[in-house]
Amino acid sequence: MNAVTGTLVDIATADGIADAYLAHRDGGRAHPGVLMCQDAFGVRPHLMAMADRLAASGYTVLVPNVFYRHGRTPVVELPEFIDMEARPDIVGNVVPLMEALTPELTERDAGAYPGWLAESPLVADGPVGITGYCMGARLALYTAGTRPAARHLSFGHGIHHCLGAPAGRLEARVALHTLLTRVAHLGLAVPADSRDWFPAGMVCGVLSLPVRYRLG
């Protein structure tokens, strides 16, 4: 892989200063610019590594902290491995940030990031690519859509939908149908209103579901 340099930069926006991660090939030559919009968990080593891989292919990649109104990176302290089942509090901390980032605020920031890339000596003249990871797919579309005079290409990976999702839903339907058919006397072991749910709307489901059944 080509050598890549990663640096932290500050970007002036209409509402303050957004810190960002910038990845580019070594050597100081200008390359096509790419704006990478973060996922809900923010700018962190995993996202920086993604930017580095893209930069190694011949791009200058900017990853802004879109939650900058709430503080500099890291806005939320995260473990190295994000396990939402073991740490549901992480979701509870992240979702309010997502909800606060309205389409209006996203559009308000839309000119700052591509504008910064356009002025950087590390970015070649021409269109800027815009990509988003998970939640960032929506941000990428908003950003590209608010700049009609510029030639930007936007694409994203998200939101939380992988190639195995349809297979997972099919397996769940078959498994639940089989369970309820073969174990007819299956019911909740606790009152329906006493179940513990994930503390935020990004993940819809219960933390546990105690049941009781009798054979025959």
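Residues numbered from 1 in each chain as written. Predicted model: local features only at pLDDT ≥ 70, side-chain atom pairs only at ≥ 80, totals over all residues. Heavy atoms only, no water.

Within the structure shown, the criterion is met by 1 cavity of 30 Å³ or more. In this model, the largest cavity occupies a volume close to 80 Å³. Where the lining of the largest cavity is concerned, the elements lending two or more residues are β3 (33-37), α3 (103-109) and α5 (135-145). Each residue belonging to the lining of the largest cavity can be placed in one class, and the counts come to 7 nonpolar, 2 polar and 1 charged. (1 Å grid on protein atoms, 1.4 Å probe; cavity = no way out; pocket = protein on both sides within 12 Å on 5 of 7 lines; lining within 4 Å. Points joined across faces, edges and corners; volume = space filled by probe spheres on them. Helix = DSSP H or I, 4+ residues; strand = E, 2+ residues; numbered from the N terminus. Nonpolar A, V, L, I, M, F, W, Y, C, P; charged D, E, K, R; others polar.)

With that settled, consider the environment of Tyr213. Tracing the sequence through the fold places Tyr213 in strand β8 (residues 211-213). For the pair Tyr213 and Gly187, spaced 26 residues apart in sequence, the C-alpha to C-alpha distance is 6.3 Å. Contacts of Tyr213, omitting those with residues within four sequence positions, involve Val183, His185 and Leu186. (Contact = heavy atoms within 4.5 Å.)

Below, the discussion takes up the environment of Ala56. Structurally, Ala56 is set in helix α1 (residues 45-56). The class of Ala56 is buried, set by a relative accessible area of 7%. (Buried < 20%, exposed > 50% of the residue type's maximum accessible area, 1.4 Å probe, protein only.)

The next subject is α1. Relative to the 16 Å expected for 12 residues at 1.5 Å per residue, α1 spans 16 Å between its end C-alpha atoms, a close match to the ideal helical length. Gly58 sits one or two positions beyond α1 and adopts a positive phi of about 110 degrees. (Expected span 1.5 Å × (residues − 1).)

Quick look at the confidence of the model for the protein chain now. Overall, the predicted model of the protein chain reaches an average pLDDT of 84, with 85% of residues at or above 70. The secondary structure element of the protein chain with the lowest average pLDDT is strand β6 (residues 153-157), at 52, and the one with the highest is strand β4 (residues 60-64), at 98. (pLDDT = per-residue confidence, 0-100.)

Glancing now at the side chain of Asp109. Residue placement: Asp109 occurs in helix α3. Residue Asp109 is classed as buried on the basis of its relative accessible area, which comes to 3%. Within polar-contact distance, the side chain of Asp109 engages the side chain of Arg69 at 2.9 Å. Sequence-distant contacts of Asp109, defined by excluding residues within four places in its chain, comprise Thr13, Tyr68 and Arg69. (Polar contact = N/O pair within 3.5 Å; in protein donor to acceptor, adjacent residues only side chain to side chain.)

Before going further, it helps to examine unusual backbone geometry. What you tend to see is this: most non-glycine residues have negative phi, and most peptide bonds are trans. Cis rather than trans, the peptide bond between Thr73 and Pro74 has omega equal to -5 degrees. Mapped onto the secondary structure, Pro74 falls in the loop between β4 and α2 (88-100). The backbone phi angle of Cys134 is positive, close to 60 degrees, even though this residue is not glycine. A relative accessible area of 10% places Cys134 in the buried class.

What follows covers the pattern of salt bridges. In total, this model carries 5 salt bridges according to the counting rule given. The partner of Arg69 in a salt bridge is Asp15, and the shortest N-O contact between them spans 2.7 Å. Of this pair, Arg69 sits in the loop between β4 and α2 while Asp15 sits in the loop between β1 (4-13) and β2 (16-25), placing them 54 residues apart in sequence. What makes Arg69 partly exposed here is its relative accessible area of 29%. Residues joined by salt bridges that share partners form a network here, namely Asp15, Arg69, Arg108 and Asp109. (Salt bridge = Lys/Arg side-chain N within 4 Å of Asp/Glu carboxyl O.)

Taken together, the side chains of Leu176, Leu179 and Leu180 make up a nonpolar region of the molecular surface, amounting to roughly 290 Å² of accessible area. Following the sequence through the fold, Leu180 ends up in helix α6 (residues 165-182). (Patch = residues over 30% accessible without salt bridge, like charges linked within 9 Å, V, L, I, M, F, W, Y side chains within 5 Å. Areas by Shrake-Rupley, 256 points an atom, 1.4 Å probe, with all protein chains shown as cover.)

Another point: the nonpolar core. Leu35, Leu62, Phe67, Val94, Tyr113 and Met135 are the most contacted members of the largest nonpolar core, which totals 30 residues. Looking at this core, the elements that each hand over two or more residues are β1, β2, β3, α2, α4 (112-119) and α5. With 11 residues, the next largest nonpolar core counts Tyr21, Val34, Met36 and Val61 among its residues. (Core = buried A, V, L, I, M, F, W, Y, C linked by side-chain atoms within 4.5 Å.)

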